[in-house]
Each structure stands twice: as C-alpha cells, then as structure tokens.
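Structural overview
Each chain is listed here by its residues.
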Amino acid sequence: MTLPVYAPTMTNDRYAHRRAEFLDQLGDTIAVIPAGQEQIRNDDVEHAFRQNSDFFFLTGFPEPDAIAVFDPGHDTESYVLFVRERDVEMEAWNGRRAGPEGAVERFGADAAHTIDEFDAWFRKRLRGRTSVGYTLGGSYDARIVQAITSAKASAERLGFPIPASVSDPRHILHEMRLVKSPFEIDALREACRISAIGHREAMKYASPGRTEGQVQAAMEYVFASLGSERVGYGSIVAGGDNACILHYVENDQPLNDGDLLLIDAAAEFHHLTADITRTFPVNGTFSAAQRAVYEVVLEAEQAVIDICAPGLPFTDMHERSVEVLTAGMVDLGLLPGPADEAIAKGWYREFFFHGTGHWLGVDVHDAGDYRIDGKGRPLVSGMAFTVEPGIYVAPEKGSISLSHAEYDADALAVASFELGASKAKADWAQAREDAGMFDFEVPEEFLGIGVRIEDNILITDDGYANLTDLVPVSIADVEALVAERSELPIFG
Ligand code: GLY
Ligand code: MN
Ligand code: MN
C-alpha cells in the first residue's frame, strides 16, 4: 500500500500566537510558568529530559531550569525568560545552552536573564501587580511565596497595591491546549502516521520465539527512523496474559505460539503524541475464544467512533462502550445477564475497568476538563482524543464474586474525594457485602485473554477523522498483515 507523506506546514509562529492569546486571557494577572527539571537516575547520570508540557507549549524552549514570566501589565516586556547562563565548560559536558541572549534572539523573549536573577527581579516586578498566576505544588513554591511575602511587606510600607491573590494559570492554558490549532493537528497527524507505521511493522515482526522486547525494539526503531523524537509514553508490549495488566512495561517475555500480543505504544512528534493499541495473534490466526473476545471489543470501538461528532457529550462515549461491551460479555457467558442488570450493578467492571478514552495532544493524557457543571463536555471541532475499549480476563478470574449493590461511579468518586481512597474503597466493599454477593464461574477458554483496541480521533467541523486507521483492525486485515514478514533483521 502507499503510505501518506508528511507535508509540514508548521511555522515557529505558533508559540508567539499562543503567548499572545495567553497574555490576553490573563487580564491583570502576572503568571509564572517554570520549565521542567532534570531528574537524577544515579550518581551524575540523569533520566532523559523532556520539557514540561505547559512550559513548552508557550515557549518552545527545550532546556531545563528555566522560568517564563507573562506580564500583561508591562508595555514592552510582557514575556520574560529566565534561563541557565552560558558556560563553556558545562556546555562541553552537558550540551549547548541558549543563554539569555539566545532566549531573546531565538525564542522570542522580550527580555531574558539568568535563572539566579529571578527572585530579586520577580519581587520588584510585583510592584503594582495584584494577582499572581502560579500552580502551587511545584518545586518553586517557596521562592514564589517568599517573593510575594516580601513584596507585600514593602507594598504596605510604601502604599502601592499588594499582590493579594494567587490563582492557577493552568485553567487558561489547558483550555488552549484542548482545542488543537492547525499546527498541532498537523503534528498530531504526523505522530499518528509514524506510530501507525511502527505498529504495522511490529505486527509483521512478531512471531513465536521472538520476545516482547525484540518487538518493542523493531517498532521503536521505525518511530525513530521516521523522525519521532521519543516515545509518547513507555511502550506496552504484552504477550499472553500480560495483556491483562493495563500498564505492563517489563516487555521481557518470550512470545508463544497461540498467544495474543497487545501493543499499546506511540511516537511523539514535535511534542505531540499518538496513543495506539492493537491486539493480534502472534502466530497469525485468532483462536475461537480470542476471536470472540476481539469481536466484542471491536464492535464497541466502532460503535463509539461512529457517534463521534461535534456536540456529543464526552461521557456518552463511555456509556456507549459499556453498553456494547457488556452485552457482548453476557452473550459470551463471561457475565450473567441480563445486560442492563450487569451495567446497573457494575459487573462489567470485572473485565473492563478503565475509561473509554482521554484527551490527546502534548501529553498522552492531555490537559482539559472532561465535564462542565458536572455534565459531559460537548465535543467541538479541533478536539483530539482516544477511543479504547478493552476486555481483560485475567487468569485468576475463573470464579468472580458479584454483588447486587447498585454501582454509581460518580457517587464513588465523590466518596473517594471526601473520605480518601482507602476508606471509600472499604465502604464500597461493605456495601457490596450488605447487598448480597454471589459467585459466577467464568468459562475457562477465556482465561488469560486481554484485548484492547485504541484509535485516535480528531473532531472536525462535520464529524470526525480517525487519525490511526492506517493500522488494520478487522480480523481479516489483522491476520493478513501478521502473515507478512518484516524485513528488519533479527540478531543472534
Ligand atoms: N497508553 C496509555 C493509555 O492508553 O491511556
Ligand atoms: Mn490511551
Ligand atoms: Mn494507549
């Protein structure tokens, strides 16, 4: 088949556009957005650095130990960067630095200073500012509080307005991240294209006797060779019943004849990531039980994708997938019926216990509210998200204990918020006991089967685009691709 070609239209203006909008929305708030910090792995070795998503979204500045200040109240310096200073010796060890000069010339700051100048500068800049935008809970808390406290003391003595409130600027920023610009859509499409090609290669590369890690290496080789900077999250390459562990990342087991392989992995491109899952038989042919479970998950996935359109409340997608999955599980004999009782009492959660999707973008679980005033947020053109139903029949689920208690996800979430997770969990376990429990035997042929199918959807003006449909999903197409051989070598 002919694969689509990436035709970039992105320009560096995108950060300037975002800053202008952010500054506009800040009103009279001066906002401080810190960059990410390097994390020590051991001794003098750091984990791979990836910039903080909010910071990068506004600045495009890739280095750690930096702070961006957005001050709509200043005429000529509304965007100021604090960065590491140039240091020939350190740069010879750890890489190039832009320095304050580069921050202005190459990254568009109105002014820039070294990071150690931040505290005194910020305290002074607070004069006349009444509102500070800063996300509490980060490693700069003490310095921000110190600057505000000392500015307040001076303000009271000298009689200028005091910085009286601290608000979280992420509310503005995350709304901006939620609806993708043409630049972001372009990059997201490319992340999806690269990820899809990697998944296709993995399907061809996997075979009995190879290992999860070898398949991961082949797929990530494809990602990198197509220009991806890094993976969007740790690749999940889960053979056999490892697929029943949602965040399985060991990826170190051999692949066996007769097993399914679940791969949840994606490439990041220009700081936007895809998020694709496919599940396929290692030997190229689904067994009857695998096929039966796969068909239910596929039906749910397609049913959810079918209803995607502007105006659909986000929460409707999960409701639809629960309906289809539960009806399918009852038909297969995985759960007792009727399906509406299995939904009302949450029995389906034995085998489907995660959400049906999440926003997608700069982060794999991207920013933005899912509800407005408690109700599912209506989709609008430019939103991107995943659709990812699954069924996971862990080997130890041969017999399951079900309750007659009514399941109310929202009430449980409120209880968890108010009482803490462990007390809420204990209360729910007690409520289940009180309502009466019974055991149910799960057909043995399904034990150890885990299936998830995940595509990436972009809402358009008149419907949706499936950005990841380059990876086959029907049983016939999946089996046909797995039957092809990868040309990538295997060593040893
Ligand atoms: N790969 C993470 C997720 O699917 O949410
Ligand atoms: Mn996902
Ligand atoms: Mn995923």
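The notes below deal with the structure included here. (Residues numbered from 1 in each chain as written. Chains lettered and ligands numbered in written order. Predicted model: local features only at pLDDT ≥ 70, side-chain atom pairs only at ≥ 80, totals over all residues. Heavy atoms only, no water.)

Taken together, the protein donors to the manganese ion (ligand 2) comprise Asp 275 (OD), His 358 (NE2), Glu 388 (OE) and Glu 454 (OE), at separations of 2.0 to 2.2 Å. Geometry at the manganese ion (ligand 2) is irregular, judged from the six donor atoms that bind it and their angles of 51 to 152 degrees at the metal. When the donors of the manganese ion (ligand 2) are listed by position in the chain, the intervening gaps give D-x82-H-x29-E-x65-E. In this structure the manganese ion (ligand 3) is found 3.3 Å away from the manganese ion (ligand 2), and Asp 275 serves as a bridging donor for the pair. (Donors = N, O, S within 2.8 Å, 3.2 Å for Na, K, Ca; no water. Tetrahedral: all angles 85-135°; square planar, octahedral: opposite > 155°, others 65-115°.)

Turning next to empty space enclosed by the protein. Within this structure, the stated rule accounts for one cavity of 30 Å³ or more. One number sums up the size of the largest cavity: a volume of about 90 Å³. If you go around the largest cavity, you meet 13 residues; those closest to its centre are Arg 14, Arg 18, His 270, His 271 and Leu 272. Counting only elements with at least two residues in the lining of the largest cavity, the list comes to helix 1 (13-26), helix 2 (53-59) and helix 8 (182-205). Looking at the lining of the largest cavity residue by residue, the classes come out as eight nonpolar, two polar and three charged. (1 Å grid on protein atoms, 1.4 Å probe; cavity = no way out; pocket = protein on both sides within 12 Å on 5 of 7 lines; lining within 4 Å. Points joined across faces, edges and corners; volume = space filled by probe spheres on them. Helix = DSSP H or I, 4+ residues; strand = E, 2+ residues; numbered from the N terminus. Nonpolar A, V, L, I, M, F, W, Y, C, P; charged D, E, K, R; others polar.)

Turning our eyes to something else, we now look at the coordination of the manganese ion (ligand 3). The coordination sphere of the manganese ion (ligand 3), as far as protein atoms go, consists of Asp 264 (OD), Asp 264 (OD), Asp 275 (OD) and Glu 454 (OE), spread over 2.0 to 2.4 Å. Coordination geometry of the manganese ion (ligand 3): the six donor atoms subtend angles of 57 to 172 degrees at the metal centre, consistent with an arrangement described as irregular. Between consecutive donor residues of the manganese ion (ligand 3), the sequence gaps follow D-x10-D-x178-E.

With that settled, the discussion passes to the side chain of Ser 53. Among the secondary structure elements, Ser 53 is positioned in helix 2. Its relative accessible area of 7% is what places Ser 53 among the buried residues. At 2.7 Å, the side chain of Ser 53 and the side chain of Arg 50 are in polar contact. Those residues in contact with Ser 53 that lie beyond four places of it in its chain are Arg 177, Val 362 and Asp 363. (Buried < 20%, exposed > 50% of the residue type's maximum accessible area, 1.4 Å probe, protein only. Polar contact = N/O pair within 3.5 Å; in protein donor to acceptor, adjacent residues only side chain to side chain. Contact = heavy atoms within 4.5 Å.)

Remember that the coordinates give geometry; whether it matters functionally is a separate question.
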